[in-house]
Amino acid sequence: MIRRPPRSTLFPYTTLFRSRGESYLRLRPDRVAMQDATAQMAMLQFISSGLAKVAVPSTIHCDHLIEAQVGGDKDLARAKDINKEVYNFLSTASAKYGVGFWKPGSGIIHQIILENYAFPGVLLIGTDSHTPNGGGLGGLCIGVGGADAVDVMADIPWELKCPKVIGVNLTGKLSGWTSSKDVILKVAGILTVKGGTGAIVEYFGPGVDSISCTGMGTICNMGAEIGATTSVFPYNQRMHDYLVATGRKDIAVLANDYKHLLTGDQGAQYDQVINLNLDELEPHINGPFTPDLAHPISEVGKQAKKHGWPLDIKVGLIGSCTNSSYEDMGRAASIAKQALKRGLKSKTQFTVTPGSEQIRATIERDGFAQVFDEFGGLVLANACGPCIGQWDRKDVKKGEKNTIVSSYNRNFTGRNDANPATHAFVTSPELVTALALAGTLDFDPRRDSLTAANGEKFKLDPPSGDELPSMGFDPGQDTYQPPPKEGSSVRVDVDPKSQRLQLLSPFDKWDGNDLSEMAILIKVKGKCTTDHISAAGPWLKYRGHLDNISNNMFIGAINSDNNEANKVKNLLTGEFGTVPDIARSYKAKGLKWVVVGDENYGEGSSREHAALEPRHLGGRAIIVKSFARIHETNLKKQGLLPLTFANSSDYDKIQSTDRITLLGLKDLKPGQPVKCEIKHADGKKETIQLNHSMNEQQIEWFKAGSALNRMALTKQKA
């Protein structure tokens, strides 16, 4: 078990073993990081707090609002123009409240953190679900919603239910076509998208030393796809070398001095142990439609033919926050070079997303960018791009069945291109490059041959690439704006007529009565991620305007009544309409409503808009079989009741025409079930039990109307 140095923010440390999965920890994170899409709402909430300056070092990273269209420079210029109002708000708010600001084009938040802020033993929270990327440098880096970030910036202890610990024992070593990405793809297949919920995944064993620091980051990054609170590796020489290469030798020296506190304890007790022999691990491709559908490369072709997945690959995409390190780019370039020597290029469209300005400048200096260009690739901006749906895709029509392969982390339905018929698969950058060269999903580079331009058959050599650049990193352009020493005079304007930004008004507090005769807005069938609840892509531009972005609420969720998305019945009129429109109608009529959902509700992104929007449009409770961690917390923060069926089969008792009453709320207590009365359309009633995980403080958030309301009340009393 990895321990923290004596200044540990985990208190009391001695309670950890006996309280895993039960008690709440009150923590003091060292740092906060926010990406621009979530930072808008976080900063609007911080402004509402009335505080003058953030209490801990904090940064904002502009990476989510840049749409991939024609190429890096032009896409970046277009984004700066379109998002000028938002960037100006974030820049001035950063300056006023003491927050560092990474400008558009600087890179993806997680790569910037790894290069600059992560270090062994740090406790860092970030308003993005892939914040655990920093575990590649031995830090506890955890994804949260914006309201959690506001708490920490306001010097309020951050609450986290004490995680269980899953140990992954790595033996053997990586070699050939097997990469660090295959470790997490295999683990995802074992644990599934909810198997890590409420747990930290800790990697240990002799196999760890065969993985580069950035490779460990890849594994930790995609731990979000198994629902893990975070993932972490023990401090080792590979981390030391990366710290030195990124200009942090002093931290590396200090980490060496405290290595005994940053590596595993002898005889550590894990709640679950997974054993993985890297010598036997095959390269993997996971998908489509979910990142835990794992296939060894030798099997994916058979599965595609069996299930009717398109074999022809339309687009190969490498990069993103998960796989955009110098090593990743080098290994992919080594495959492209082999093809070029034999007169071949990519058979598919091929895109490259550098993770940071430093990576972009370095791969350009070292010739990788030219190799990708000659291979037929297009280098995109240093931003999230297609990974989060910021992709103006033109080669297929919406609804057209097709396959894409990427080195990204997430492949939910419609996530990359808003096309529900796109079959998205995730794998390593080198395999993406090989598959783009072959053009077909059933190509196994270890076994299958390609035909050179001269007609000769050949097989690709395994990928190779330097872990770190021999000439050091090229920092590229300076894209960082440090906060001024004194920012109180900086003016932060929000135009009342703006369609992009909107100052927040407090939510109404609980009236002290039971929630009676509530309508069911939608009974969701199957997977319901935060993408289903609050879509990204073109909606990202409204992330700072709660009322406007609420027009995307639940538009991707499948209605159990008709198996359609964004089509529900208005119980007051009998007419069908979109989910947001029906919610607005209920709110206007004073009719409170609930949502009923399935397992692992709210998995995926950390976006708190998936909680803010239901609250804004009149929702009062979300009743499901189980929740994903971050989303459940976000619901609590906004004053909604996140409830789970005591008996999961009770999901089937509820019909969309029922009315729901939650009884005994005046006596709401931690660990005490909530009585739910279901009133059917024929007037018959039945009662079921619902569970919750709220502690005393979180119940106070519900009563006050939100955590922010509670903060304001506390401030008034002080």
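Residues numbered from 1 in each chain as written. Predicted model: local features only at pLDDT ≥ 70, side-chain atom pairs only at ≥ 80, totals over all residues. Heavy atoms only, no water.

Burial of helix α5 (residues 109–116) is extensive: seven of the eight residues sit out of reach of the surface. For α5, the complete set of buried residues consists of I109, H110, Q111, I112, I113, L114 and E115. (Buried < 20%, exposed > 50% of the residue type's maximum accessible area, 1.4 Å probe, protein only. Helix = DSSP H or I, 4+ residues; strand = E, 2+ residues; numbered from the N terminus.)

On to the side chain of H64, then. Here H64 is to be found in the loop between β3 (58–61) and α3 (72–82). Classification of H64 by relative accessible area gives buried; the value is 6%. Only 3.2 Å separates the side chain of H64 from the side chain of Q35, close enough to count as a polar contact. A distance of 2.6 Å separates the side chain of H64 from the side chain of D63, its partner in a polar contact. For H64, the contacting residues outside a window of four places in its chain are Q35, D36, A37, D128, C384, I388, Q390 and L540. (Polar contact = N/O pair within 3.5 Å; in protein donor to acceptor, adjacent residues only side chain to side chain. Contact = heavy atoms within 4.5 Å.)

Within this structure, the stated rule accounts for 14 aromatic pairs. Consider the rings of F350 and F372, whose centres lie 6.2 Å apart with planes at 45 degrees: the pair is tilted. Pair noted here: F350 is in strand β15 (residues 349–353) and F372 is in helix α14 (residues 368–375), with a separation of 22 residues, a long-range link. According to the relative accessible area criterion, F350 is buried, its value standing at 2%. These aromatic residues form a ring-pair network of at least three members: W102, Y117 and Y480. Taking NZ or CZ as reference, K567 lies 5.6 Å from the ring centre of F576, over its face. (Phe/Tyr/Trp six-rings, centres within 6.5 Å; stacked < 30°, edge-to-face > 60°. Lys NZ or Arg CZ within 6 Å of the ring centre and 35° of its normal.)

This paragraph deals with helix α19 (residues 609–616). Along α19, eight of the eight residues are buried, which leaves the element largely enclosed by surrounding structure. H609, A610, A611, L612, E613, P614, R615 and H616 are the residues of α19 that are buried. Where α19 ends, the next residue or the one after it, G618, has phi of about 105 degrees, a positive value.

Here we come to the pairing of strand β27 (residues 593–596). In β27, alternate side chains face the same way, and those of W593 and V595 on one face and V594 and V596 on the other are all buried. Where strand β22 (residues 515–523) meets β27, four bridges bridge the pair, whose relative direction is parallel. In the strand pairing of β27, K523 is matched with V596. In terms of strand pairing, β27 meets strand β28 (residues 619–624) through four bridges, oriented parallel. By the bridge assignment, V596 is partnered in β28 with I623. Tracing the backbone out of β27, into α19 and back to the parallel element β28 gives a crossover that is right-handed. (Pairing = 2+ DSSP bridges. Right-handed = clockwise from strand over helix to strand, strands pointing away.)

What follows covers the confidence of the model for the protein chain. On average, residues of the protein chain score 94 in pLDDT, and 97% of them reach the 70 mark or higher. Confidence drops under pLDDT 50 across residues 1–18; counting only partners more than four residues distant or on other chains, this segment forms 49 contacts. (pLDDT = per-residue confidence, 0-100.)

Across all of its chains, the model carries 34 salt bridges by this definition. For the salt bridge of D392 with K394, the shortest nitrogen-to-oxygen distance reads 3.4 Å. Residue R447 pairs with D448 through a salt bridge whose shortest N-O separation is 3.0 Å. Overlapping salt bridges, with partners in common, bring together D148, D151 and K637 in one network. (Salt bridge = Lys/Arg side-chain N within 4 Å of Asp/Glu carboxyl O.)

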